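The primary structure of each chain is shown beneath.
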Amino acid sequence: MQSGETIPITKQWLLGSVSSMSAAVCTHPIDLTKIRMQLAGEGVRTSDRPGMLATGTGIVRHDGIGGLYRGLTASFLRQVLYSGSRITLYPSIRDLVARSSSSSSSSPAAGASMWAKSMGGLAAGAIGSGIANPADLCLVRMEGDARLPAERRRNYANVVDGLTRICREEGAATLWRGC
């Protein structure tokens, strides 16, 4: 690729998504353990809460190593939707803000102000977050499911099952609750 040449949007989305999904493989067990720690601490004195190592060990003991990756399909979808859109949208929004706040017609990216960069990042992140909210909802539910009593567990098989059941049982608007 030559200097100054732009990367096609599909390639930006793909690169952003794949890199974020790769990171999720490494960070998902930590996020799952964090969620379990937060849920285990509900209504419990601070000194009685299990630590990171005890929580992670408990997950492995109860569910095996695979238990640390419960909800990974939702995490992958979240990364594709959130990171892919955020990384793809940012340059366009930044340049749009830079052009609208500048009288020169030179390349906006080269001289984009901190304002344009901040607004580009804020807008791209907000849009990405809205797009990814359904996957986020499913992810949190899948990660916390094992902490629920057996009769209240959702037991989503994967993110597609989770999203389908949420829509069917609770209505599609539920996917953006809290957004």
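Everything below is about the structure printed above this text.
Residues numbered from 1 in each chain as written. Predicted model: local features only at pLDDT ≥ 70, side-chain atom pairs only at ≥ 80, totals over all residues. Heavy atoms only, no water.

S.K.: What is the right way to look at the pattern of salt bridges in this model?
M.R.: For side chains of opposite charge, pairing can occur when their charged atoms come near one another. For the structure on display, the rule yields 7 salt bridges. The salt bridge partner of D31 is K34, with a shortest N-O separation of 3.1 Å. With D31 and K34 both in helix α1 (residues 9-40), this residue pair falls 3 residues apart, about one helical turn. With a relative accessible area of 23%, D31 lands in the partly exposed category. Its salt-bridge partner being D136, residue R78 comes within 2.8 Å of it at the nearest N-O pair. In this pair, R78 is assigned in helix α3 (residues 72-100) and D136 in helix α4 (residues 114-144), connecting sequence segments 58 residues apart. The partly exposed category is assigned to D136, whose relative accessible area is 24%. Each of the salt bridges in this network shares a partner with another, and the network as a whole consists of D161, R165 and E169. (Salt bridge = Lys/Arg side-chain N within 4 Å of Asp/Glu carboxyl O. Helix = DSSP H or I, 4+ residues; strand = E, 2+ residues; numbered from the N terminus. Buried < 20%, exposed > 50% of the residue type's maximum accessible area, 1.4 Å probe, protein only.)

S.K.: I would appreciate a short explanation of the environment of T10 in the present structure.
M.R.: You can see T10 is positioned in helix α1. The exposure class of T10 is exposed, given its relative accessible area of 66%.

S.K.: Any chance you could explain the packing of α3 against α4 here in plain terms?
M.R.: Each packed pair of helices is defined by two parameters, the angle between the axes and the distance between the axes. At their nearest, the axes of α3 and α4 sit 7 Å apart, and the two run at 165° to each other. The angle between α3 and α4 places the two elements in the roughly antiparallel class. When you trace α3 past α4, the crossing you get is right-handed. Per-class residue counts for the contact of α3 with α4 are 21 nonpolar, 8 polar and 5 charged. (Axes fitted to C-alpha atoms, helices over the stretch in contact; angles between N-to-C directions. Parallel < 35°, antiparallel > 145°, perpendicular 65-115°, else oblique. Left-handed = near helix turned anticlockwise from the far one by under 90°. Nonpolar A, V, L, I, M, F, W, Y, C, P; charged D, E, K, R; others polar.)

S.K.: Which parts of the structure should I look at to understand the environment of L96?
M.R.: Following the sequence through the fold, L96 ends up in helix α3. Separated by 16 residues in sequence, L96 and A112 have C-alpha atoms that sit 9.9 Å apart.

S.K.: Which parts of the structure should I look at to understand the nonpolar core?
M.R.: It is characteristic of soluble globular proteins that their nonpolar side chains tend to be buried jointly. In this structure, A74, L137, C138, L139, M142, Y156, V159, L163, I166 and L175 together form the largest nonpolar core, which totals 10 residues. Those elements that place two or more of their residues in this core are α4 and α5 (159-170). Broken down by element, the residue count for this core peaks at 4 residues, all from α4. Apart from residues lying up to four places away in sequence, M142 is in contact with R70, G71, T73, A74, Y156, N158 and V159. I93, V97, A98 and A124 belong to the second-largest nonpolar core, a separate cluster that totals 6 residues. (Core = buried A, V, L, I, M, F, W, Y, C linked by side-chain atoms within 4.5 Å. Contact = heavy atoms within 4.5 Å.)

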